[in-house]
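If you want the building blocks of each chain, they are given just below.
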Amino acid sequence: MQLQTPDEVRDFLRLCLDPGLGGKKRSVTQLALIMSDGLAASLTEHAPHLAELRDAVDRAEAAATEARANYTEGLRAWIADETTDRKDRG
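Asker: Honestly, helix α1 (residues 6-17) in this entry has me stumped. Any pointers?
Answerer: Because each turn of an α-helix spans 3.6 residues, side chains separated by three or four positions end up pointing in the same direction. Counted at 1.5 Å a residue, the expected span for α1 with its 12 residues is 16 Å, and the 16 Å between its end C-alpha atoms agrees. Turning to α1, its buried residues are V9, L13 and C16. On an axial view of α1, the arc spanned by its buried residues comes to 55°, and they lie on one face.

In structure tokens form, the structure reads like this:
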């Protein structure tokens, strides 16, 4: 499919949201989560500000993944009583 103009991209995204004829409707949130890199590239070619927003989401998700891993490791160490600070006992 050719997505060379902003209107073509918008039309395709609308179709992705509501394919009609018994197709499963999606929310914009669902679409953002499943959007392929190729479609995202076509989108950001015509809306560069969305590339910046998507990059911000990717950075935030990476930070959340790292924080979750740090918390999980801290919890594991605490459960195993491997903490060096003994003030937390009790």
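Asker: Explain the pattern of salt bridges to me, please; I cannot follow it from the model alone.
Answerer: For side chains of opposite charge, pairing can occur when their charged atoms come near one another. Applying the stated criterion across every chain yields a total of six salt bridges. In this structure, R10 engages D7 in a salt bridge whose closest nitrogen and oxygen atoms are separated by 3.6 Å. Taken as a pair, R10 and D7 lie in helix α1 at a separation of three residues, close to a single helical turn.

Procedures and definitions
Numbering of residues starts from 1 in every chain and runs along the sequence as written. Local features are withheld for residues below a pLDDT of 70 in this predicted model, meaning they are given only at 70 or higher, and side-chain atom pairs are given and counted only at 80 or more; totals for whole chains, interfaces and linings count all residues. Processing note: side-chain calculations cover all non-hydrogen atoms of the structure and skip hydrogens and water entirely. Numbering of helices and strands runs from the N terminus, with a helix taken as a DSSP run of H or I at least four residues long and a strand as a DSSP run of E at least two residues long. Multiplying 1.5 Å by the residue count of a helix minus one yields the expected span of that helix. Each residue is placed in one exposure class: buried if its accessible area under a 1.4 Å probe, protein chains only, is under 20% of its type's maximum, exposed if it is over 50%, and partly exposed if it falls in between. By arc we mean the arc of the directions from the helix axis to the C-beta atoms, nothing more. Salt bridges are defined as contacts in which a side-chain nitrogen from Lys or Arg sits within 4 Å of a carboxyl oxygen from Asp or Glu.

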